[in-house]
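The lines below spell out each chain.
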Amino acid sequence: MRTSTRTLTRRGMLGLGAGAAAAAGLAGCGSHTSSGGSHQAAGSGARPSASASGKPPARPIGDGSTAYTGKQPHQPEAPVPLEPGQTPPQFVVFSWDGAGEVGNGLFPRFLDLAREHGAHMTFFLSGLYLLPESKKRLYDPPNNPRGASDIGYLTDAHIKDTLAGVRRAWLEGHEIGTHFNGHFCGGSGTVGNWTPAQWRSEIDQAKSFVKQWRTNTGWTDLPPLPFDYDKELVGGRTPCLLGQDNLLPAARELGWRYDASSPGGRQVWPVKKDGIWDLPLQQIPFPGHSFEVLSMDYNILANQSLNSTKAPAHNYPGWRQQATDAYISGFKRAYETNRAPFFIGNHFEEWNGGIYMDAVENALEHIAREKEKGGDIRLVSFRQFTDWLDAQRPEVLARLRTVEVGQRPAGGWNAFLKEAPASGSTAPADAA
């Protein structure tokens, strides 16, 4: 029986300071420079004719930092509603906070892994990772000094690597969300105290750094990012999972479809908050303990090494296995019972010898093997999962929400969804 739950956020890491944080591998969190958020509109005029290949040519947007290149490739077929008596798919979303490549090869490593197993992921890009430190005063963070950031700016070489990773990710079918900018988790300037208007400023600035990296860097010899970020950006995750309540009004104004900032969610089917899908990190079994742990690399680290990113190496093999088993246990519990979606959060980091990156890879490969056995398992991005949710009948989703963590539907899936009751009604569930 679980007696407690530890869902630590990353506040403890922020005492490292910006430079130390970057050295510790906090590239996944994002540091930020704000430009007053001046957005340049997409070019007007007649649309270019399609090329001989049938694919429309790139249409530059604004200063050419981004371009419209047509529909995103490598997307799943359009989702359809569940049929009566059909078992829901098991959705698994791997997501990455910050999505900065700092020379450790982690961005291409996990793009390669995803391609090998037919997986799609969500990369929550920190806007500051496309802004040179020399231009950091373009960033005007709410309640913080101009140019400030609780995580380090990237070098020019690493900005170029990040651009290459983001470009490749989108072309291979992954989602580019946002992790905002300066990652302020403590003190009076914490994102937890920002107003909806301040969140809107932060979002506008994050978008501007993506849409104007060419102007801000002066680099004209690199290809544009192949998407219109105003249209592609439909969700994000806040720093340290703080500030969601005031973020949501701003997100709703922008037409966002989901937010992944809630901490400590249970492994059940999601609901909407303020008209936006709430897709939280989840409490999952933590092998060897009576409490559960949040489904993110940092929270596992915090429970294993008390926030240390360089603990004694003799612990690494056991901790690597424990982290792997935690992810697999969370997947297995959902897959074998209520089929609730399973969400995993990560950073491109090398904490404790890189054991958490190994654990993520091991877990993904385990899930892929289960998929190969014939199970309806879908490794998708948050946007793709949201597409599926929006295609379902509301009464079916309401029925799914009645099945608790670790429970199976009464009478089995064939009977459970044959006559889904009206929204808000309940139905019994059998313990697994």
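These numbers were taken from a predicted model, which means no experiment stands behind them. (Residues numbered from 1 in each chain as written. Predicted model: local features only at pLDDT ≥ 70, side-chain atom pairs only at ≥ 80, totals over all residues. Heavy atoms only, no water.)

Trainee: A description of helix α10 (residues 355–372) should follow, citing residues and the corresponding values.
Mentor: Between its terminal C-alpha atoms α10 stretches 26 Å, which fits the 26 Å expected from 18 residues at 1.5 Å a residue. All buried positions along α10 are accounted for by Ile355, Tyr356, Met357, Ala359, Val360, Ala363, Leu364, Ile367, Ala368 and Glu370. Packing partners of the buried residues in α10 comprise β4 (90–98), α2 (106–117), α8 (297–305), α9 (316–335), β12 (342–347) and β13 (377–379). In the stretch just after α10, Gly374 is the one whose phi turns positive, near 110 degrees. (Helix = DSSP H or I, 4+ residues; strand = E, 2+ residues; numbered from the N terminus. Expected span 1.5 Å × (residues − 1). Buried < 20%, exposed > 50% of the residue type's maximum accessible area, 1.4 Å probe, protein only. Contact = heavy atoms within 4.5 Å.)

Trainee: How would you sum up the pairing of strand β6 (residues 175–178)? Please name residues and give values.
Mentor: Because side chains alternate across β6, one face comprises the buried residues Glu175 and Gly177, and the other comprises Ile176 and Thr178, equally buried. Pairing of strand β5 (residues 122–125) with β6 involves four bridges; the strand directions are parallel. Each residue of the ladder has a partner; that of Leu125, found in β6, is Thr178. As a crossover connection, the stretch from β5 through helix α3 (residues 156–171) into β6 is right-handed. (Pairing = 2+ DSSP bridges. Right-handed = clockwise from strand over helix to strand, strands pointing away.)

Trainee: Give me the packing of aromatic side chains: which residues, what numbers.
Mentor: Across all of its chains, the model carries 24 aromatic pairs by this definition. Residues Phe286 and Phe291 carry aromatic rings whose centres are separated by 5.8 Å and whose planes lie at 45 degrees to one another, so their mutual orientation is tilted. Judged by its relative accessible area of 6%, Phe291 is buried. Their ring planes at 75 degrees and their centres at 5.8 Å tell us that Tyr298 and Trp351 sit as a pair that is edge-to-face. Pair noted here: Tyr298 is in helix α8 and Trp351 is in the loop between β12 and α10, with a separation of 53 residues, a long-range link. Accessibility assignment for this pair places Tyr298 and Trp351 in one class, buried. Put simply, the rings of Phe91, Phe124, Tyr258, Trp269, Phe343, Phe382, Phe385 and Trp388 touch in pairs and so form one group of aromatic residues. Geometry around Trp219 places Lys160 over its ring, the cationic atom sitting 4.8 Å from the centre. If you follow Arg399 out to its NZ or CZ, it ends over the ring of Phe416, 4.3 Å from the centre. (Phe/Tyr/Trp six-rings, centres within 6.5 Å; stacked < 30°, edge-to-face > 60°. Lys NZ or Arg CZ within 6 Å of the ring centre and 35° of its normal.)

Trainee: Tell me about the side chain of Gln244, and name the residues and values.
Mentor: Looking at where Gln244 falls in the secondary structure, it is placed in helix α7 (residues 244–253). A distance of 2.9 Å separates polar atoms of two side chains, one belonging to Gln244 and the other to Lys273. What Gln244 contacts, discounting residues up to four positions off in sequence, is Asp259, Ser261, Ser262, Lys273 and Asp278. (Polar contact = N/O pair within 3.5 Å; in protein donor to acceptor, adjacent residues only side chain to side chain.)

Trainee: Please give an account of the layout of surface pockets that cites residues and values.
Mentor: For the largest pocket, the calculated volume is near 590 Å³. Together, 34 residues line the largest pocket, and Gln72, Gln75, Pro76, Gln384 and Asp387 are the ones closest to its centre. For the lining of the largest pocket, the secondary structure elements donating two or more residues are α6 (229–232), β13 and α11 (382–390). Among the elements that make up the lining of the largest pocket, the one with the highest residue count is α11 (five residues). In the lining of the largest pocket, the residues fall into 13 nonpolar, 10 polar and 11 charged. (1 Å grid on protein atoms, 1.4 Å probe; cavity = no way out; pocket = protein on both sides within 12 Å on 5 of 7 lines; lining within 4 Å. Points joined across faces, edges and corners; volume = space filled by probe spheres on them. Nonpolar A, V, L, I, M, F, W, Y, C, P; charged D, E, K, R; others polar.)

Trainee: So what's going on with the state of the cysteines? Residues and values would help.
Mentor: This structure, assessed with the given rule, holds one disulfide. Covalently, Cys185 is tied to Cys240 through a disulfide, its sulfur atoms 2.1 Å apart. Around the S-S axis, the bridge from Cys185 to Cys240 shows a dihedral of about 95 degrees and counts as right-handed. With Cys185 in the loop between β6 and α4 (196–211) and Cys240 in the loop between α6 and α7, this residue pair connects regions lying 55 residues apart in the sequence. In terms of burial, Cys185 and Cys240 fall into one category: buried. (Disulfide = S-S within 2.5 Å.)

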